[in-house]
Amino acid sequence: MDIIRVEGGHHLEGSVAVSGAKNSALKLMAATLLAPGTTTLTNVPNISDVHVMGKVLKRMGAEIEVVDEHTLAIDTSHVDSWEAPYELVAKMRASTAVMGPLLGRFGKAKIAMPGGCNLGARKIDMHILGLQALGVEFDTEHGYIYADASAGLTGTNVTLEFASVGATENLIMASVRATGTTVIDNAAREPEIVDLATMLNEMGAKISGAGTPVVTIEGVEELTPVTHRVVGDRIEAGTFLVAGALMAGPAGVEVTGFNPMHLNMVIRKFEAMGVPFERTEGGLRVRRAERIEPIDIQTLPFPGFPTDMQPQAMTLSALADGNSIITENIFENRFMFASELVRMGADIHIESHHAMIHGVTGFSGAQVSSPDLRGGAALVVAGLIAEGITEVSAVHHIARGYERFVEKLSALGARVEHASVPDPDID
Ligand code: UD1
């Protein structure tokens, strides 16, 4: 069994560069299907979710050259299959991002129905309703969704019930090739959506309003391949900022490679908690919070506080001088992390989608298990300040979205390592 072992209590210092954003890279990779030929993506994070998306594209007939560790040249000229198979969708739900581009280019897609996962139900009904409005017909059989737009896609107005990131992206990627104009109302505004629209426009699409609640897409006849750099990962950056807020030495920790504007709400909330930040040329420097103030945080679609930073924020608030409340509005199961943090001495009470956090004076190292990607990273961060040794298991979750997490923390001075321990011997 692979674990990450952390010895708490060592100061962090220096500078850490974040990788390209997972949530952008995956959609950009899917979007290469829209432009026959070779699209080159740079600043691609070397993480397991990107490897899964690579497999999805290869199964369809794409050829992928790994030019260097962070550069992929994806040739979609010979794509001749339109299926995202169950074993890959089950591994990574973001595989469903190929539905929009497949419909845009080929007018058909066969996607395994994503089942439940450890973040709750995670339905795709809004993707389907929006695509139906564009003229796609759907059928489900044997656990697969069959989408057919052989009669063509026609631009229309779509109002999303909720500003879903995935639905907004799938609708944009289908409608770039529709006849006429599509308007998506109540669109998600995440920076990764702006990155996707930017690349599609470079390819020849006509998308305006990305990053606002109303996105307008004028369909075009064809898209051509480009070279595009993936935006920096704001969530990875935020995770290192929390590590610095807890354990930075006197010189602080600088985090580079991302746009601090993408973390506006996070920084505002952390400043209210007493975390000192300073802009640097390359990003942000964080210093250790002398005293952590309690806070009230609600997760919301961008520009609200991101659900992907909720466990890291909970780690910080668990050490505050007072009582905090965190309300999770996006994913129903995102508090599983809390019970692991309680094993390290946190005092957290969950009531439906609210967490009441009574600040404690310290964590004690323990054996804990990553419940999911961000929760796993937050447990490693908690281990940095815990007294003694923390052993985090189920670390494959962390590898889905953090490139060289252990190595980056070690370079800052953390005592953290990958280790292998025997599997528990249970009959
Ligand atoms: C993306 C991100 C994820 C992030 C989330 C919210 C990727 C690969 N993942 O996920 O890291 O936490 O945005 O910022 O980019 N919903 C429906 N029906 C739908 C679509 C969504 O009910 O058709 C619900 C979901 O169950 C969830 C909420 O809407 O409760 C938000 O989902 P959405 O914004 O779509 O998130 P993802 O695109 O899955």
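Residues numbered from 1 in each chain as written. Predicted model: local features only at pLDDT ≥ 70, side-chain atom pairs only at ≥ 80, totals over all residues. Heavy atoms only, no water.

### Some points on the pairing of strand β21 (residues 354-358)
Going residue by residue along β21, you find Ala355 and Ile357 tucked away on one face and His354, Met356 and His358 left uncovered on the opposite face. Note that strand β19 (residues 323-327) and β21 share five bridges and pair antiparallel. Each bridged residue has a counterpart across the sheet, and for Ile326 the counterpart in β21 is Ala355. Both strand β20 (residues 347-351) and β21 contribute to a ladder of five bridges, which runs antiparallel. In the strand pairing of β21, His349 is matched with Met356. (Buried < 20%, exposed > 50% of the residue type's maximum accessible area, 1.4 Å probe, protein only. Helix = DSSP H or I, 4+ residues; strand = E, 2+ residues; numbered from the N terminus. Pairing = 2+ DSSP bridges.)

### A word on the nonpolar core
Counting 74 residues, the largest nonpolar core has Val98 and Leu200 as its most contacted members. Among the elements that make up this core, the one with the highest residue count is helix α1 (residues 22-31) (six residues). If we ignore the near neighbours within four places in the chain, the residues touching Leu200 are Ala31, Leu34, Ile172, Met173, Val176, Ala205, Ile207 and Leu223. Residues Val242, Phe270, Phe277 and Ala386 belong to the second largest nonpolar core, which totals 72 residues. (Core = buried A, V, L, I, M, F, W, Y, C linked by side-chain atoms within 4.5 Å. Contact = heavy atoms within 4.5 Å.)

### A short note on empty space enclosed by the protein
Per the counting criterion, the structure on display carries one cavity of 30 Å³ or more. The class makeup of the residues in the lining of the largest cavity is two nonpolar, one polar and four charged. (1 Å grid on protein atoms, 1.4 Å probe; cavity = no way out; pocket = protein on both sides within 12 Å on 5 of 7 lines; lining within 4 Å. Points joined across faces, edges and corners; volume = space filled by probe spheres on them. Nonpolar A, V, L, I, M, F, W, Y, C, P; charged D, E, K, R; others polar.)

### Things to note about the packing of helix α4 (residues 99-106) against helix α6 (residues 165-175)
Running from N to C, α4 and α6 point in directions that differ by 10°, and their axes come no closer than 7 Å. Overall, the two elements α4 and α6 adopt an arrangement that is roughly parallel. Contact residues: α4 offers Met99, Gly100, Pro101 and Gly104, while α6 offers Asn170, Met173 and Ala174. Among the residues forming the contact of α4 with α6, the class breakdown is four nonpolar, three polar and no charged. (Axes fitted to C-alpha atoms, helices over the stretch in contact; angles between N-to-C directions. Parallel < 35°, antiparallel > 145°, perpendicular 65-115°, else oblique.)

### Some words on a negative patch on the surface
There is a patch of like negative charges on the surface, built from Glu137, Asp139, Glu141 and Asp148. Following the sequence through the fold, Asp148 ends up in strand β9 (residues 144-148). (Patch = residues over 30% accessible without salt bridge, like charges linked within 9 Å, V, L, I, M, F, W, Y side chains within 5 Å. Areas by Shrake-Rupley, 256 points an atom, 1.4 Å probe, with all protein chains shown as cover. Salt bridge = Lys/Arg side-chain N within 4 Å of Asp/Glu carboxyl O. Lys, Arg positive; Asp, Glu negative; His and termini not counted. Charge placed at Lys NZ, Arg CZ, Asp CG, Glu CD.)

### Observations concerning the site of the ligand
Taken together, 19 residues sit near the ligand, with Asp125, Met126, Ser164, Asp308 and Ile330 positioned nearest. Contact distances for the ligand include 2.6 Å between an oxygen atom and a backbone N or O atom of Met126. Within the side chain of Asp308, a nitrogen or oxygen atom sits 2.6 Å from an oxygen atom of the ligand. Here the ligand, which alone exposes 740 Å², has 84% of that area covered by the protein. For the shell around the ligand, the secondary-structure elements that each account for two or more residues are α1, α5 (125-133) and α6. Tallying contributions element by element places α5 first for the shell around the ligand, with three residues. Residue composition of the shell around the ligand, by class: seven nonpolar, five polar and seven charged. (Near = heavy atom within 4 Å. Polar contact = N/O pair within 3.5 Å; in protein donor to acceptor, adjacent residues only side chain to side chain.)

### A few points about the packing of aromatic side chains
For the coordinates displayed, the defined rule picks out four aromatic pairs. In textbook terms, an aromatic cluster arises when at least three aromatic residues are bridged by ring pairs, as seen for Phe240, Tyr402 and Phe405. In this structure, Lys110 is placed above the aromatic ring of Tyr144, and the distance from its NZ or CZ to the ring centre is 4.6 Å. (Phe/Tyr/Trp six-rings, centres within 6.5 Å; stacked < 30°, edge-to-face > 60°. Lys NZ or Arg CZ within 6 Å of the ring centre and 35° of its normal.)

### Comments concerning the environment of Ser19
Mapping Ser19 onto the fold places it in the loop between β2 (12-17) and α1. Note: C-alpha distance between Ser19 and His70 (51 residues apart in sequence) is 8.9 Å. Apart from residues no more than four positions distant in its own chain, Ser19 is found in contact with Asn43, Pro45, Gly232, Asp233, Glu236, Glu403 and Lys408. In this structure the side chain of Ser19 is engaged in a polar contact, spanning 3.0 Å, whose partner is the side chain of Lys408.

### Notes on the sheet that holds β9
The four strands lie next to each other as β6-β7-β9-β8, forming an open sheet whose pairing is mixed. Each end of this open sheet is capped by a strand with a single partner; those strands are β6 (83-84) and β8 (137-141). Two strands pair when backbone bridges link them, and β8 and β9 are joined in this way by five bridges, in the antiparallel orientation. Bridging from a neighbouring strand, Glu141 pairs with Tyr144 of β9. Against the sheet, α4 makes contact with β7 (108-112), β8 and β9, and its axis sits at roughly 160° relative to β7, the strand it touches most.

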